[in-house]
Amino acid sequence: MIPKFHDARDVFFERRFGLFIHWGLYAIPAWHEQILWRGKMKRKEYEQLIHQFNPTKFDPDAWLDLVEEAGMQYVCFTTKHHDGFCMWDTAHTEYNIMNTPYGKDILGMLAEACHRRNVPLSLYYSCPDWHHPNYPNQGRHHEMFGPRSGDDPDIEKYYDFVKKQLEELLTKYGSIYQLFWDVNVAEYYDPSINEWIRTLQPGILINDRGPGKGDYNTPERHVPEGGSFSKPTEACQSLGRESWGFREDEDYYSHKFIMQSVDKILAMGGNYLLNVGPKSDGAITEENVEALRKIGTWYKSVQEAFIGTVPASDMGGHDEIVMAGSQRKVERDHVLLTRKGNTIYVHLYRDTQSTSVVLKPLDILPIRAVLLNNGQELPCSVDLLPWYWRERPYLRIRQLPVNELTDTVMVIKLEFDEEVCD
Ligand code: GLC
């Protein structure tokens, strides 16, 4: 069982799918958000991009329309990435959006739209800073190779600056849902910072990448093994394989790969933050719009299998989901289960090889089996199969449209009689 917080933070378990947005000066070279580090671009040259950034097509409502179309329930926005450039009107560095030709507070505009449309807003904030004179760049991972002349590397002073910035972010932009710290390279540990953040935004959720322990884990770009998470988890993944920020020649994941990954993480009880990198003019690319719409249509058709359910792949693992006295795990590895009351949802998050799925060791017929993707009712039987001739009959769901629904993840709803669920 994933432990709950037993306070306002429990909304975390209801908001399961969010949009991550990586946007900053790095959208201009359009290579990767860490072009300074991974692409070895010169800092002097990069910092000149401030004179070019002019996203005339930025329209927060267009972004939020997509959030709605994708069935997403929150947005997480990069306020300051490792490059140190700030996407809001900050008083604590000149290196910010107000000093671009655009000259408008992007975060303010996004926050206004989010609050008006009741979309919870989360803020990403990078611990490393490749611009600020007090950040001790020492050539560790996600860092510049050393201080510049005139820099004054001092982690205490740097975190004073961080706190001043957070005070702006957490007092000037209304209610903030989560703080997404990123990569605490310097391993600066001061749990009082997270506690102080909670005084500014009661109920805020804080992730595990900052100067304190945080509330939830953030696995990135990989799908972990197992049937269930043991801690609150928000996985993140980008639509593009190579970058989080806009990349001109991006290698996009297939829609199906993303659906499989979303399904697996959500069926394990985690949340999913799916990323796009808008272009430097503020528009989200056609490829990304199409992907979000497709994934959203799928997500909306199967979301009842996530919202308000618990992971149930290990059928023997939790007292409250023991069915018909069975204490064994559902064995087939291409299947995950979630459960709400007497309803079990079967997630076929890997390609199915044939038209049936056998849910060994379950051996009870459901009242009804419905394929959520299209509402089709599926026949079921509990019969002895030649494959399992040495064992016993198991529940088999039949006639899956494997040759028709090839570009999606199928989720089946099984409704059982009350008495089979102890
Ligand atoms: C990694 C990347 C960073 C990205 C983040 C998103 O830490 O280094 O660029 O913003 O993942 O989770």
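Residues numbered from 1 in each chain as written. Predicted model: local features only at pLDDT ≥ 70, side-chain atom pairs only at ≥ 80, totals over all residues. Heavy atoms only, no water.

Engineer: Help me understand the domain arrangement of the protein chain, please; the structure alone is not making it clear to me.
Structural biologist: How big an interface is tends to be stated in terms of the accessible area lost upon association of its parts. The domain boundaries assigned to the protein chain delineate domain 1 (8–305) and domain 2 (312–415). Each of domain 1 and domain 2 has a C-alpha centre, and the two are 37 Å apart. Each side of the interface is counted separately: domain 1 has 15 residues, and domain 2 has 18 residues. Taken as a group, K256, E304 and A305 account for 35% of the area that domain 1 buries against domain 2, more than any other trio of residues on that side. At the junction of domain 1 and domain 2, the tally comes to 2 salt bridges. A salt bridge links K256 to D351; its shortest N-O distance comes to 2.7 Å. The interface formed by domain 1 and domain 2 holds 10 residue pairs in polar contact (both at pLDDT 80 or more) in total. When contributions to the side of domain 1 that touches domain 2 are tallied by element, the ones reaching two or more residues are helix 6 (255–267) and helix 7 (286–302). When residues in the side of domain 1 that touches domain 2 are grouped by element, the largest group, 6 residues, is from helix 6. Partitioned by chemical class, the residues of the side of domain 1 that touches domain 2 number 6 nonpolar, 4 polar and 5 charged. (Domains from an automatic or database assignment. Contact = heavy atoms within 4.5 Å. Buried area = accessible area lost by both parts, 1.4 Å probe. Salt bridge = Lys/Arg side-chain N within 4 Å of Asp/Glu carboxyl O. Polar contact = N/O pair within 3.5 Å; in protein donor to acceptor, adjacent residues only side chain to side chain. Helix = DSSP H or I, 4+ residues; strand = E, 2+ residues; numbered from the N terminus. Nonpolar A, V, L, I, M, F, W, Y, C, P; charged D, E, K, R; others polar.)

Engineer: So what exactly am I meant to see when it comes to helix 6 here?
Structural biologist: Each α-helix winds once per 3.6 residues, and so residues spaced three or four apart point in a common direction. If you check helix 6, its first and last C-alpha atoms are 18 Å apart, about what 13 residues at 1.5 Å a residue would give, namely 18 Å. With respect to burial, helix 6 is a largely interior element, 11 of its 13 residues being buried. Restricting attention to buried positions, one finds in helix 6 the residues K256, I258, M259, Q260, S261, V262, D263, K264, I265, L266 and A267. Residue G269 follows helix 6 closely and has a positive phi angle near 95°. (Expected span 1.5 Å × (residues − 1). Buried < 20%, exposed > 50% of the residue type's maximum accessible area, 1.4 Å probe, protein only.)

Engineer: Sorry if this is basic, but what is going on with the state of the cysteines here?
Structural biologist: Chemically, a disulfide is nothing more than a covalent bond linking the sulfur atoms of two cysteines. Per the stated rule, a full pass over the model turns up 0 disulfides. Between C76, a cysteine without a disulfide, and C236, which holds the nearest cysteine sulfur, the sulfur-to-sulfur distance is 8.8 Å. (Disulfide = S-S within 2.5 Å.)

Engineer: Please explain the environment of K57 as it appears in this structure.
Structural biologist: With respect to the element layout, K57 can be found in the loop between helix 1 (43–47) and helix 2 (60–69). In the structure, K57 is positioned 225 residues away from G282 in sequence and 5.0 Å away in space, judged by C-alpha atoms. Residue contacts for K57: discarding those within four places in its chain leaves D281, G282 and A283.

Engineer: Got a minute to help me understand the side chain of K256 in this structure?
Structural biologist: Inspection of the secondary structure assignment puts K256 in helix 6. There is a polar contact of 2.8 Å between the side chain of K256 and the backbone oxygen of T406. Not counting chain neighbours up to four residues away, the residues in contact with K256 comprise D351, T406, D407 and T408.

Engineer: Can you help me understand the site of the ligand in this one?
Structural biologist: Surrounding the ligand, one finds 14 residues, the nearest of these being H22, E33, Q34, H81 and E220. In the model, an oxygen atom of the ligand is placed 3.2 Å from a nitrogen or oxygen of the D182 side chain. Bound to the protein, the ligand loses 96% of the 310 Å² it would expose on its own. Looking at side-chain class alone, the shell around the ligand contains 5 nonpolar, 5 polar and 4 charged residues. (Near = heavy atom within 4 Å. Areas by Shrake-Rupley, 256 points an atom, 1.4 Å probe, with all protein chains shown as cover.)

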